[in-house]
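Analysis of the macromolecular model
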Amino acid sequence: HGGVLRMAVRLFYKDLQKRLTEHGINVPQWLVLRALWDQDGLTQIELSKRLGIESAGITPKLDVMVRSGLVRREQNSNDRRKVNVFLEPRAKKIRADLTACAVEVNDIAERGIPQKDLESMHHTLWKMMENLTAADSAAENQ
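Residues numbered from 1 in each chain as written. Predicted model: local features only at pLDDT ≥ 70, side-chain atom pairs only at ≥ 80, totals over all residues. Heavy atoms only, no water.

Counting 25 residues, the largest nonpolar core has L33, L47 and V71 as its most contacted members. Elements that contribute at least two residues to this core include exactly α1 (2-21), α2 (27-38), α4 (55-67), β2 (83-87) and α6 (95-109). It is α2 that provides the largest number of residues to this core, a total of seven residues. Beyond its immediate chain neighbours, meaning those up to four positions away, V71 contacts L33, L36, L62, M65, V66, V85, F86, L87 and E88. (Core = buried A, V, L, I, M, F, W, Y, C linked by side-chain atoms within 4.5 Å. Buried < 20%, exposed > 50% of the residue type's maximum accessible area, 1.4 Å probe, protein only. Helix = DSSP H or I, 4+ residues; strand = E, 2+ residues; numbered from the N terminus. Contact = heavy atoms within 4.5 Å.)

Here we take up a nonpolar patch on the surface. A cluster of nonpolar side chains, contributed by V9, F12 and Y13, occupies part of the molecular surface with about 260 Å² of accessible area. Along the chain, the position of Y13 falls in helix α1. Overall, the relative accessible area of 38% leaves Y13 in the partly exposed class. (Patch = residues over 30% accessible without salt bridge, like charges linked within 9 Å, V, L, I, M, F, W, Y side chains within 5 Å. Areas by Shrake-Rupley, 256 points an atom, 1.4 Å probe, with all protein chains shown as cover. Salt bridge = Lys/Arg side-chain N within 4 Å of Asp/Glu carboxyl O.)

In this model, α2 (twelve residues) spans 17 Å end to end at C-alpha, consistent with the 16 Å of a helix rising 1.5 Å per residue. Listing the buried residues of α2 in full gives V27, Q29, W30, V32, L33, A35, L36 and W37. The backbone nitrogen of Q29 has a side-chain oxygen 2.9 Å away, supplied by the residue at the start of α2, namely N26. (Expected span 1.5 Å × (residues − 1). Polar contact = N/O pair within 3.5 Å; in protein donor to acceptor, adjacent residues only side chain to side chain.)

Any functional reading would require information beyond the geometric quantities listed.
Given below as structure tokens:
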């Protein structure tokens with residue numbers, strides 16, 4: 001199952017990347033923007049956890065996004081060790097266009113699949129993620 005999932009994700013990202021490139025955005029940037037659209041002002045640590053990447057791995061991505069005017073970093077006023085990441089107006093302005101790109105990829109991927117099958121797949125994937133998260137947690141606590 002893992003191999004099929006990996007291939008599906010790769011194809012989703014490949015198709016999404018083609019569409020995002022027209023807006024000067026790549027998939028990793030899209031993922032950061034999605035998280036910030038859900039909750040602007042996350043700390044870098046919170047953002048890296050939501051994306052499932054190491055804290056150090058997000059820094060170069062954010063560096064590029066700061067230079068391209070998508071986000072800004074601000075030192076946390078309550079804890080000077082933390083840095084919060086905020087959307088810039090450009091990122092807010094392109095939200096609808098980028099979201100439309102993702103919707104289009106999903107629509108293409110779901111063609112010809114009955115709604116009940118999509119719902120079952122969605123439920124199954126969530127359960128698999130819960131199982132793997134629980135197993136990972138258990139292993140860390142040993």
